[in-house]
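Overview (structure and organization)
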Amino acid sequence: MAKKIFPKEEVCVGCHLCEVYCVYAHSKYKKPTVKAHELVKLYNKHKDSKPTPRILVEEKSGEWTTFALQCRHCDDAPCTKACITGAMKKLEDGRVICDEEKCVGCWSCIMACPHGAVRRGENKKAASKCDLCLELGEPVCVKNCPNEALVIKEV
Amino acid sequence: MRYVIIGNSVAACGCIEAIRKVDLQNPIVVISDEKYRVYSRPLISYYLAGKVDESKMYIRDEDYYEKNKVEAMLGKRAVSVDFKNKEVVLDDGSKVKYDKLLIATGGKPFVPPTKGFELKNVFTFIKFDDVKAIDEAIKNGAKKATVIGAGLSGLKAAEALIKRGLEVTVVELANRILGSILDLEASKIVQDELEKHGIVFKLETSVDEIIGDGKVEKVKLKNGEILDTDIVVFAIGVVPNIDFLKGTELKINRGIVVDDHMRTNIEDVYAAGDCAEGYDCVYQQQRVIPIWPNAYDQGETAGYNMAGVEKTFDRGFPMNSIGFFDVHMITAGIVMPNSDDIEVLVKHDKEKNSYRKIYIKNGRVLGFMFINSIDRAGMITNMIKEGLNVESIKHRLLDDDFGYLDLPKELRQEKILGGAKA
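Residues numbered from 1 in each chain as written. Chains lettered and ligands numbered in written order. Predicted model: local features only at pLDDT ≥ 70, side-chain atom pairs only at ≥ 80, totals over all residues. Heavy atoms only, no water.

Moving on, we get to the confidence of the model for chain B. With 99% of its residues at a pLDDT of at least 70, chain B reaches an overall mean of 96. Scoring the predicted complex yields pTM 0.96 and, for the interface, ipTM 0.96. (pLDDT = per-residue confidence, 0-100.)

Another aspect to go through is the domain arrangement of chain B. Residues and elements named next belong to chain B. For chain B, the assigned domains are domain 1 (3-107 + 239-307), domain 2 (122-236) and domain 3 (328-417). Using C-alpha coordinates to define each centre, domain 2 is positioned 33 Å away from domain 3. Facing eleven residues of domain 2, the contacting portion of domain 3 comprises eleven residues. A combined buried area of about 920 Å² lies between domain 2 and domain 3, and 67% of that area is made up of carbon and sulfur atoms. Summed over the three residues of domain 2 that lose the most area to domain 3, namely I181, D183 and I189, the buried surface amounts to 53% of that side. Joining domain 2 to domain 3, the criterion identifies one salt bridge. One salt bridge connects D183 with K357, and the closest N-O pair in it is separated by 2.6 Å. Run the count over domain 2 and domain 3 and you get four residue pairs in polar contact (both at pLDDT 80 or more). (Domains from an automatic or database assignment. Contact = heavy atoms within 4.5 Å. Buried area = accessible area lost by both parts, 1.4 Å probe. Salt bridge = Lys/Arg side-chain N within 4 Å of Asp/Glu carboxyl O. Polar contact = N/O pair within 3.5 Å; in protein donor to acceptor, adjacent residues only side chain to side chain.)

Turning to the sheet that holds strand β11 (residues 167-172) of chain B, a few remarks are in order. All names here are of chain B. Pairing in this open sheet of five strands is parallel, and the strands run β9-β16-β10-β11-β12 from one edge to the other. Edge positions in the sheet fall to β9 (122-124) and β12 (200-203), since each has one partner strand and no second. For this sheet, the mean angle separating the axes of adjacent strands, direction not counted, is 20°. Of the strand pairs in this sheet, strand β10 (residues 144-148) and strand β16 (residues 231-234) are connected by four bridges, and their pairing is parallel. (Pairing = 2+ DSSP bridges. Helix = DSSP H or I, 4+ residues; strand = E, 2+ residues; numbered from the N terminus. Axes fitted to C-alpha atoms, helices over the stretch in contact; angles between N-to-C directions.)

Residue and element names in this part refer to chain A. Entries for chain A in the domain assignment read domain 1 (3-71 + 130-154) and domain 2 (74-115). Averaged C-alpha coordinates put domain 1 and domain 2 at centres separated by 20 Å. At the junction of the two partners, domain 1 supplies eight residues and domain 2 supplies seven residues. For the pair domain 1 and domain 2, the summed buried surface comes to about 580 Å²; carbon and sulfur atoms form 56% of the total. Joining domain 1 to domain 2, the criterion identifies one salt bridge. Where domain 1 packs against domain 2, one counts one residue pair in polar contact (both at pLDDT 80 or more). Along the lines of polarity and charge, the residues of the side of domain 1 that touches domain 2 split into five nonpolar, no polar and three charged. (Nonpolar A, V, L, I, M, F, W, Y, C, P; charged D, E, K, R; others polar.)

Residue and element names in this part refer to chain B. Examined against the element boundaries, S354 turns out to sit in strand β25 (residues 354-361). Residue S354 is classed as buried on the basis of its relative accessible area, which comes to 6%. As for S354 and A186, which are separated by 168 residues in sequence, their C-alpha atoms are 9.1 Å apart. What S354 contacts, discounting residues up to four positions off in sequence, is K347, H348, D349, I371, N372 and S373. (Buried < 20%, exposed > 50% of the residue type's maximum accessible area, 1.4 Å probe, protein only.)

A few words on the UniProt feature "domain: FAD/NAD(P)-binding" (unreviewed entry) in chain B. Mapped onto this numbering, the UniProt entry gives "domain: FAD/NAD(P)-binding" (unreviewed entry) at residues 2-299 of chain B. End C-alpha atoms of residues 2-299 of chain B are separated by 17 Å, and the span's content is 23% helix alongside 30% strand. (UniProt positions renumbered as here; feature names shortened; annotations may be inferred.)

Time to look at empty space enclosed by the protein. All names here are of chain A. Enumeration according to the criterion identifies seven cavities of 30 Å³ or more in this entry. Lining the largest cavity we find 18 residues, and of these C12, C18, A68, C145 and A149 sit closest to its centre. Taken together, the residues that form the lining of the largest cavity break down as 13 nonpolar, three polar and two charged. (1 Å grid on protein atoms, 1.4 Å probe; cavity = no way out; pocket = protein on both sides within 12 Å on 5 of 7 lines; lining within 4 Å. Points joined across faces, edges and corners; volume = space filled by probe spheres on them.)

See below:
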């Protein structure tokens, strides 16, 4: 049994706050709540592009529907089977994580993920994906969504 | 019950991992002629380029065999199988008994008979030892390289050699590079990038003779040209590594013929990966599909069935994700269809140097090639796998920001929520 985050598109307002918290939680700060001055420093580091969140807010021009999609931590995790380095792996608790030190950026995981939930991370060097905030105990996107559009459940 | 696996790559991993999901007790034996624990063959070019060191070549943790109760017989070659007595015969004459056998011997390099192939500094490009030997030659002063074959592994070899500071010429028989996964227009984009980094191409010719006195010095091409070279790397392609099984009752076509359970024609004998010929759901015929994810899936399917849990796999088809310098591409399915009832969607953004092409037949995606616009490509490979009808969304498939919002709400929610309620 794995925990998964479910998006509620009916109540998502597309504020992208989940992305901000996600970036922050996976930065050197690794904290569940954002300190504004640290956030400024974090974003300033990235001159060319914004840092990559491990969550993907889908929105489309002309449509009001938005929602935030993360890795589904699939039972059969096709990304782990396609990974040529062994970086992408399924943990015993059901989470799928990417060992970014091992990843060489071949993007076989992007080829294999049926949800399109794996992204190319900073500088396009390694795959970047939701790890359910491994080090923080609970996903910051869920904790901080202002409209409770993300819920975590065991399935 | 004793499981034996001949071969020690990703198909073997799939098999071991499936067996251990359902059977924690019975012994598993892995036989491999290489002395290394399970490593990644696709990573050999990264090793040669200096991007990964030896410790990162291994795709599973150091205690993998121990944890999974696997007896790894490394550095032992299987020379024959006695199917009647259920024994694998090794090169040292010893025999390994099996109750269930998986043949996962992968591919071996295809090298056409070439004069001078036996000269020093002529290599193939498949195994870890191949790149270690090439590395040695470079350290001993090799400056010029000739790569024979402009397929996936030939070009990864060429890229690695350029990164190591060699002068590299690639010789290819076809009129374009990456002919198995790209059309002419896409191939040009990649060739331009490789040429920008100094790789020289000789297309529509092949090697006639390798010339040298003990050690390679020149390569003579079929078009008459003669190239000075210090090393030659053959990377034309792979063929199933099954010579030791030919002439037995095992049914072999191009590869070992397997059904959707990965069973061969012999009871208790299974095959998976690059040595096997299974069902290709896009081509709708039996084919060898020598790609990594397919090998894992087939190995896994074999493992479950060997352990008595019935599973089928009939969703295999070719797909590749590969990059050279700053150009990345993902391709899948049929990329050069030769029938005329196929709809072609194409978008070439010259400014971004990106290219997307999709083939559709009867409302279903038959294949695609994406270059430099690869995000979320897995959604399309999954559509091929599921045979999803894309008629209503096809106008969006070429867009960089194609996503779940383009799917009908019910389908989108089913895919995201997987039946659960948010």
